[in-house]
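Residues per chain are reported as follows:
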Amino acid sequence: MNVIIVGAQWGDEGKGKVVDLFSSKAEYIVRYQGGNNAGHTIVVNGKKTVLHLIPSGVLHPGKVCLIANGVVFDPAVFFEELDSLIASGVLSASTAHEAIRVSERAHIIMPYHRLLDKLREEHATKTKDNIGTTVRGIGPAYEDKVARRGIQVVDLLRPELLKNKLRRAIEEKDILLKYHFGAREIDFDSLYKESLKLGQRLKPYIGDVRGVLQEALKYNRSILFEGAQGTLLDVDHGTYPFVTSSSTVAGGALTGSGLGLKAASEVIGITKAYTTRVGTGPFPTEIEKTERETAEKIRSLGAEFGATTGRPRRVGWLDLVALKYAVEVNGITGLALMKADVLQDFDCVKVCTSYRLNGTTVYDLPSCIEDIEKVEPAYEVLPGWSKYDTSVVKVKEDLPRELRNYVKLIEEFLKVPVILISTGPGREETLTFKSV
Ligand code: IMP
């Protein structure tokens, strides 16, 4: 069975852990969008690994990890991650190229993309208009892709083509850098030489990822699609413009890897038992101002600091209105409820089931950013649950009554089953109610 894993909120839901769990059964694990703005944290036997670009399935031996066409690819970050996986014994230097394949069609994040991301964020901060990006060059790299002046992985192996494409790509940027930002122009010669060098090192890893996946489908091999970021950060369906620049929803798994509609049969949405967001933009159930102590408590118990940037995450209660939207946009067939342990020992927990907007009750996420900023959440308040022995829980009926009721409310509201509850970062701290 082929499964797509998507973030159902604003990212950081715990996708890395779920991908790691499901990877034991999959043969191919595919990153299909985003880049090293992701930070997937996996804990195995108490050892923490944070992966930004290489699929989380790499921690299981014998898997094929694919970086597909929809990803924006920073070669320097790739080699940093690869070297550290080799140093820690996860991969062997002589066979790593058999475990990882990078699509010829993926677009390269160039140093000028990172620079532009940083300069734009700094510039926009002055007028408080910044997105709060991860400053990894993601947005500018996707801009170039859509503007048809991007550099693809395969270009790094073709010196003449690369020279021409690179010249075209930096022409306008030099003007922007010099006259708009007062920065230095791009040093073409050194960038060109460095790109060719990276291409040569990357050569053993480059391949036709779409073709590999087609073969996998033909022979009924199991594929796991590893989403990054979350539904509400999707460039089409998120809280635009406070979004990332890729298609983070389930549809992105297909376009981002070159497969047809029937390539996957399950879409697992990952959500925390509460909500977080990093970066700027609207967040209806945020409690930073209204329930400051509770927000601090959740942030500290849940270690809510970005895996990529270390920024403190904004914290709020679970938002079922936004989750219902995520269920619809992705066609989610099952939910994984992460960090349920963080809300343990709270007297009460809140769940948003509708919004008030301009004096009326609404049950859908508004389309316009101004309205999302204005909505006031209406909550159901439920009693919190106390600590329980997770080892005795085999079915949902074994959960403490309060947590069972919490899960029931989610399932009835969304009409989707919770198939997994995570009660800690480790692989073993997981209750699974349905295997996929
Ligand atoms: P970018 O993807 O770096 O361009 O950032 C755009 C927005 O997406 C910012 O609000 C980031 O904080 C957010 N973002 C990007 N990647 C992640 C992630 O992996 N988790 C959570 N938020 C993210």
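A. The arrangement of the sheet that holds strand β1 (residues 3–7) in detail. If you walk across this open sheet you meet the 10 strands as β9-β7-β5-β2-β10-β1-β11-β15-β19-β20, and the pairing is mixed. Looking at the sheet topology across the chains shown, the edges are occupied by β9 (206–207) and β20 (430–432). Where β1 meets strand β10 (residues 223–226), 3 bridges bridge the pair, whose relative direction is parallel. In the strand pairing of β10, I4 is matched with F225.

B. Up close: the pattern of salt bridges. Across all of its chains, the model carries 28 salt bridges by this definition. Between E412 and K408 there is a salt bridge whose closest N-O contact spans 4.0 Å. Highlighted residues: E412 and K408, both in helix α13 (residues 401–414), separated by 4 residues, approximately one helical turn. Assessed through its relative accessible area of 53%, E412 is described here as exposed.

C. Expanded view of the environment of R314. If you trace the backbone, R314 turns up in strand β13 (residues 314–316). Given the relative accessible area of 19%, R314 is considered buried. The sequence separation of R314 and W10 amounts to 304 residues, and the corresponding C-alpha distance is 11 Å. Apart from the residues within four sequence positions on either side, R314 is in contact with T275, T276, R277, G279, T280, G281, F283, E286, E288 and R299. Of note is the side chain of R314, whose polar atom sits 3.0 Å from the side chain of E286.

D. Spotlight on the pairing of strand β4 (residues 47–51). Examined bridge by bridge, strand β3 (residues 40–44) and β4 share 5 bridges and lie antiparallel to one another. When the bridges of β4 are listed, V44 appears paired with K47. Connecting β3 to the next strand, β4, in antiparallel fashion are 2 residues, including N45 with a positive phi near 50°.

E. Here's a closer look at unusual backbone geometry. Note that the residue after Y240, namely P241, is joined by a cis bond; omega there is 10°. Its location among the elements puts P241 in the loop between β10 and α9 (250–255). The phi dihedral of N45 is positive, around 50°, even though this residue is not glycine. The residue N45 is located in the loop between β3 and β4 in this model.

The rules behind the values
Residues numbered from 1 in each chain as written. Predicted model: local features only at pLDDT ≥ 70, side-chain atom pairs only at ≥ 80, totals over all residues. Heavy atoms only, no water. Pairing = 2+ DSSP bridges. Helix = DSSP H or I, 4+ residues; strand = E, 2+ residues; numbered from the N terminus. Salt bridge = Lys/Arg side-chain N within 4 Å of Asp/Glu carboxyl O. Buried < 20%, exposed > 50% of the residue type's maximum accessible area, 1.4 Å probe, protein only. Contact = heavy atoms within 4.5 Å. Polar contact = N/O pair within 3.5 Å; in protein donor to acceptor, adjacent residues only side chain to side chain.

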